[in-house]
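Analysis of the macromolecular model
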Amino acid sequence: MQVRHAEDDLATSPSKAGLLLTVMALSAAVSNAAVGLVAEKTKHKMLILQLLLLSGGISTMLLSFYKTYDHLVVYMIVYGISLGYTSLVSVISVNMVGIQDSTDALAAVTLYTVSMMIGPPVAGWMYDDSGSYHDAFMLFGAIIVVTALLLFLDIPLARIKPRTINSEKQKCETEMVTEQRF
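Residues numbered from 1 in each chain as written. Predicted model: local features only at pLDDT ≥ 70, side-chain atom pairs only at ≥ 80, totals over all residues. Heavy atoms only, no water.

1. Focus on the side chain of K45
Let me state the cut-off plainly: Note on conventions: DSSP H or I runs of at least 4 residues are helices, E runs of at least 2 residues are strands, and numbering of each starts at the N terminus. A 1.4 Å probe rolled over the protein chains alone gives each residue an accessible area, and that area as a share of the maximum for its type sets the label: buried under 20%, exposed over 50%, partly exposed in between. Charged residues are defined here as Lys and Arg on the positive side and Asp and Glu on the negative side; His and the ends of the chain fall outside this count. Should a side-chain nitrogen of Lys or Arg be within 4 Å of a carboxyl oxygen of Asp or Glu, the pair is scored as a salt bridge. Note on definitions: a residue-residue contact is assigned when non-hydrogen atoms from the two residues lie within 4.5 Å.
Within the secondary structure, K45 is located in helix 3 (residues 45–61). Buried and without a salt bridge, K45 has E40 as its closest oppositely charged side chain, separated by 9.2 Å. Residues within four places of K45 in sequence aside, it is in contact with A39, L88, V91, I92 and N95.

As structure tokens, this is what we get:
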């Protein structure tokens, strides 16, 4: 979408527009490594995730207002940095639901992958209908922002530790109930 925006709306050459993807990939690689290192040393992983999502969503919503190639380079750097959230997803999912249910949590996260596959064709259809990427940038940026805001509402739940039950006590209580029945 961003490359087509550069080519169509800003009359950028295809090679120069393609360079934008390189800029985004490099900033995403650096961000993933940096976020991983920082997340190892902090207990505020959820806040980092939320801020990264917010920055990616807001910058995407503003994308159609960028009028120069330099603006797009800055956007690609910001968006690439926001992709650093991917290094936190599995860690936060396991922290929230526990290791026993981690496969269910990670399965839900893969829905994001489906949305990434569906997004470009939908944006193309929106462009075909309106002749502009503005609505697509606003829609997909807003979805990312809403996701971040929903995560802000969930912070208290993320801090609650699962209640552990003493397995010996539970076993003893189960035996007592069984004996009383027979």
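Next comes the rest of the description.
2. A look at a nonpolar patch on the surface
Stated formally: Every patch collects residues that have over 30% relative accessible area and no salt bridge, joining them within 9 Å if they carry like charges and within 5 Å if they are nonpolar side chains (Val, Leu, Ile, Met, Phe, Trp, Tyr). Working definition of accessibility: Shrake-Rupley area with a 1.4 Å probe, residue cover restricted to the visible protein chains.
On the surface, I58, L62 and F65 cluster together to form a nonpolar patch covering roughly 280 Å² of accessible area. Looking at where F65 falls in the secondary structure, it is placed in the loop between helix 3 and helix 4 (69–82).

3. Focus: the nonpolar core
Selection criterion: Among buried residues, those of type Ala, Val, Leu, Ile, Met, Phe, Trp, Tyr and Cys that are joined through side-chain atoms within 4.5 Å constitute a nonpolar core.
Among the nonpolar cores identified, the biggest contains 28 residues, and L49, L53, L63, Y75, L83, Y85 and L88 are the most heavily contacted of them. Of all the secondary-structure elements, those providing two or more residues to this core are helix 2 (14–41), helix 3, helix 4, helix 5 (86–97) and helix 8 (134–153). Element by element, the count of residues in this core is highest for helix 3, at six residues. With near-sequence residues (within four places) excluded, L49 lies in contact with Y85, L88, I92 and L151.

4. A word on the packing of aromatic side chains
Here is the rule: Pairing of aromatic side chains here covers Phe, Tyr and the six-membered ring of Trp, requires ring centres within 6.5 Å, and sorts the geometry by plane angle: under 30 degrees stacked, over 60 edge-to-face, intermediate tilted. Any Lys NZ or Arg CZ that is within 6 Å of a ring centre and within 35 degrees of that ring's normal is treated as a charge sitting over the ring.
Applying the stated criterion to the full structure yields four aromatic pairs. A centroid spacing of 4.3 Å and a plane angle of 20° characterise the contact between Y127 and Y133, whose relative ring orientation is stacked. Classification of Y127 by relative accessible area gives partly exposed; the value is 22%. By relative accessible area, which is 6% here, Y133 ends up buried. Taken together, the aromatic side chains of Y66, Y75 and Y79 make up a single cluster linked through ring pairs. Across the ring face of Y69, the terminal group of K16 is positioned such that the distance to the ring centre comes to 4.5 Å.

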